[in-house]
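Each chain, written out:
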2 protein chains.
Amino acid sequence: MEHEPGQPPVHDLPATQGGAAAALRRKPQVSMADVAKLAGVSSQTVSRVSNGSPDVIESTRRQVIAAMNELGYRPNSAARALKRGSFRTIGVITFSLSSLGNMRTLEAIALNAARQDFAITLIPVTAPTQAGIQGAFSRMGELAVDAVIAIMEVHLLDAATVTLPPGVKVVVVDSDAGEQYSVVDTDQADGARKAVSHLLKLGHETVWHVAGPEESFAAERRAAAWRSTLTAAGKPVPPVLRGDWSADSGYAAGLRLADETGCTAVFAANDHMALGLLRAFREKGKSVPEDISLVGFDDVPEASSYAPPLTTVHQNFADVGNRCVDNVLQQIRTNRTEPGVTLVPTELVIRASTAAPKAK
Amino acid sequence: MEHEPGQPPVHDLPATQGGAAAALRRKPQVSMADVAKLAGVSSQTVSRVSNGSPDVIESTRRQVIAAMNELGYRPNSAARALKRGSFRTIGVITFSLSSLGNMRTLEAIALNAARQDFAITLIPVTAPTQAGIQGAFSRMGELAVDAVIAIMEVHLLDAATVTLPPGVKVVVVDSDAGEQYSVVDTDQADGARKAVSHLLKLGHETVWHVAGPEESFAAERRAAAWRSTLTAAGKPVPPVLRGDWSADSGYAAGLRLADETGCTAVFAANDHMALGLLRAFREKGKSVPEDISLVGFDDVPEASSYAPPLTTVHQNFADVGNRCVDNVLQQIRTNRTEPGVTLVPTELVIRASTAAPKAK
DNA sequence: TTTGTTAGTGTTTGCGCAAACATGATTGGT
DNA sequence: ACCAATCATGTTTGCGCAAACACTAACAAA
């Protein structure tokens, strides 16, 4: 990473008896000086070994490593950070963890970061306001993170677009942060287009839409793409029904939709709402896909067990997370921000909830 | 927290123009000395103000705060940590984030920690082995976290029970770490008992069980409680079917169960498998709850939209997370580990997937 | 030989903060 | 008016590490 291709850094000293424990016990911090004394070298040499500097002669290196192991030495990252101004830490700011997408993304971020030996510091923002974000970034500053990944799926209550502190290495997920930032997101528009086109191709007159909540960027984009696909195909655009991502809200929408004569195809903005729709249709005696075709979005693992198995748009959250980390690491390496949008493609998964409409 | 009840610490300096940005920009670190110079006091006084020490006279305090704001000063946590040996950070070790429960728990942990002004450092462990855990703890040591919350829902591959570095402030979630550790978990046994009792009370001869994977502690405990409840009631104990938490595995189990004559009640170890069972029963022409009653576990938000709405055992993940943080903070405050088990109660949510068996 | 040159190592210094101690200014009791 | 106690503030120090620089030995080139 930041050192020449010499010896690899000694991050993985073989753990001695209770080495990890010693590392966490606060009192007897083993410092470089202790190691240096035992190894009979200067502390600077210990530093060099611990950072994988190439110009330490092999015999010395071995001595130092032996001493490290004997003492259970672990570099203290506080001191390291104080000196270098960097913690090898990526801050993640998020509004909510409870959505499938966010948690999958976070998991990928954590895994990928760990692979590159970066830690993740998590800061939840409770209020979706500029002040809330400012506060989170401020906290990140104190924690001396090297960069920030902001997962911001909802509109701010008090600002039209997201304004982030300038000059910060940051990647924004799933937002309309704007061109000056680095943005990674699922290609929502393309996914929605695929869903709607699929239904249209089956022969449906038009496609109804149960959208996610207004404050969600993803919901907004899916709805926009649904509308434009319909328009481009010269089809009428039915009114939008709005849910809040929950199955219950999908159920409510489904109850209304079932009474809508001429509604033969529905695109739900996510799978959970689609599940609610399925339930409503069932209760109303509408069968899927005979009477109504339904497409979801997300491809949650259970979608194939719905009744019927749900045709849906697969999102690759892991890919989103990985690209975030790659991007941020790139910025850290080159030490400059890199505006630009990365769109992660989606995939239509056709199962049993869609079919051609019944002949009239 | 660690200071006397004097003035509150000035953690929330009102953000000046781009204050957050300055905090993240690495170059012009504003230090206490700068503030001190501007305010015309010593840096120690700045330190006192920033830590809410009670013995700073009001006028001086105001001056210092004004200077802080003017310069956009943010305390540097690296230096702070180096001095104090503490980062106000809680490490969270987890095997997998992708389960609903872990994620919910993590969210609660993050929120609660943030409330107490602690940050969360996340370290995913890829291999469920002693070495993997050792490595994670080691890393935590380097990062100078104040305590660790370990979410370990699966058995280690290479050790019978979890052995953690001694003397570390740690809370274990969902594991059999043993009496010497602080453990917080959902009361799995009680939840399973509630599910089985409910079915028995409805008049079923016995209850079949679709268990989670063998390596899961939760699965093991639910299965054990299922068995003991059956035995205590003098009912026969059918063979256990085993899934892997996924709806697909539930589907596979359901296909087999549907052919099992005399099977009128099933307890699935989680809701997703129950969903798969539902699908299998439907395909096999068995109706729920008329032919077979089904109870799940977890109470995922969509459970009420399943076909039929699922009777299930509600887990309070938020509570688990909160208790973890409270416990760990307590340990930090008193500076000693506190072994003991905290069980978070569950609740049976009766919906439409259970009924009395048909009269023969 | 002298003079680089390089490779390996040691020494000094300071990052930003706060504990420990020192100091000076005020107050109150007698 | 004196001393002691109290309060508000300043000074010194060192946490553990690594950058910058200094030094030495060994050896090559002139």
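Bear in mind the structure is a predicted one, so any value in this text is a computation, not a measurement. (Residues numbered from 1 in each chain as written. Chains lettered and ligands numbered in written order. Predicted model: local features only at pLDDT ≥ 70, side-chain atom pairs only at ≥ 80, totals over all residues. Heavy atoms only, no water.)

**Q** Is there a simple way to think about the interface of chain B and chain A in this case?
**A** Frequently, the measure chosen for interface size is the accessible area removed from exposure when the parts meet. If you look at the interface, chain B gives 66 residues, while chain A gives 63 residues. Summing the contributions of chain B and of chain A, the shared interface buries around 5,400 Å²; its carbon and sulfur component is 63%. Seen at the junction of chain B and chain A, the total is 0 salt bridges. Taken together, chain B and chain A are joined by 10 residue pairs in polar contact (both at pLDDT 80 or more). The set of elements that each furnish at least two residues to the side of chain B that touches chain A consists of helix 1 (19–24), helix 5 (77–84), helix 6 (100–115), strand 2 (119–124), helix 7 (130–142), helix 10 (247–258) and helix 11 (271–283) of chain B. Broken down by element, the side of chain B that touches chain A gets its largest block of residues, 8 residues, from helix 6 of chain B. Classifying every residue of the side of chain B that touches chain A gives 36 nonpolar, 17 polar and 13 charged. One ladder, built from 3 bridges, connects strand 2 (residues 119–124) of chain A with strand 2 of chain B; its direction is antiparallel. Within strand 2 of chain B, the residue paired with A:Ile120 across the bridge is B:Leu122. (Contact = heavy atoms within 4.5 Å. Buried area = accessible area lost by both parts, 1.4 Å probe. Salt bridge = Lys/Arg side-chain N within 4 Å of Asp/Glu carboxyl O. Polar contact = N/O pair within 3.5 Å; in protein donor to acceptor, adjacent residues only side chain to side chain. Helix = DSSP H or I, 4+ residues; strand = E, 2+ residues; numbered from the N terminus. Nonpolar A, V, L, I, M, F, W, Y, C, P; charged D, E, K, R; others polar. Pairing = 2+ DSSP bridges.)

**Q** Quick question: what am I supposed to make of the relation of the copies chain B and chain A here?
**A** Overlay of chain B on chain A (RMSD 0.1 Å): rotation 180°, translation along the axis 0.0 Å. Both copies of the chain, as the preceding transformation shows, are related through a two-fold rotation axis. Both copies share a contact surface, since 95% of the interface residues of chain B are interface residues in chain A too. (Least-squares fit on C-alpha atoms with pLDDT ≥ 70 in both.)

**Q** Honestly, the sheet that holds strand 10 (residues 311–314) of chain A in this entry has me stumped. Any pointers?
**A** Whenever strands of a sheet pair, they do so through backbone hydrogen bonds, lying parallel or antiparallel. All names here are of chain A. Across the sheet, 6 strands lie side by side as 7-6-8-9-10-12; this open sheet has mixed pairing. A single partner strand is all that each edge strand has here, and the edge strands are strand 7 (240–242) and strand 12 (347–349). With strand direction ignored, the average angle separating the axes of adjacent strands in the sheet is 20°. By the bridge criterion, 3 bridges tie strand 6 (residues 208–211) to strand 7 in an arrangement that is parallel. Residue pairing for strand 7: Val-210 is matched across the bridge by Leu-241. Running over the sheet, helix 8 (residues 188–201) touches strand 8 (265–268), strand 9 (293–298), strand 10 and strand 12 and is turned about 165° from strand 9. Strands in contact with helix 9 (residues 217–232) are strand 6, strand 7, strand 8 and strand 9; relative to strand 6, the strand with the most contacts, it is inclined by about 170°. (Axes fitted to C-alpha atoms, helices over the stretch in contact; angles between N-to-C directions.)

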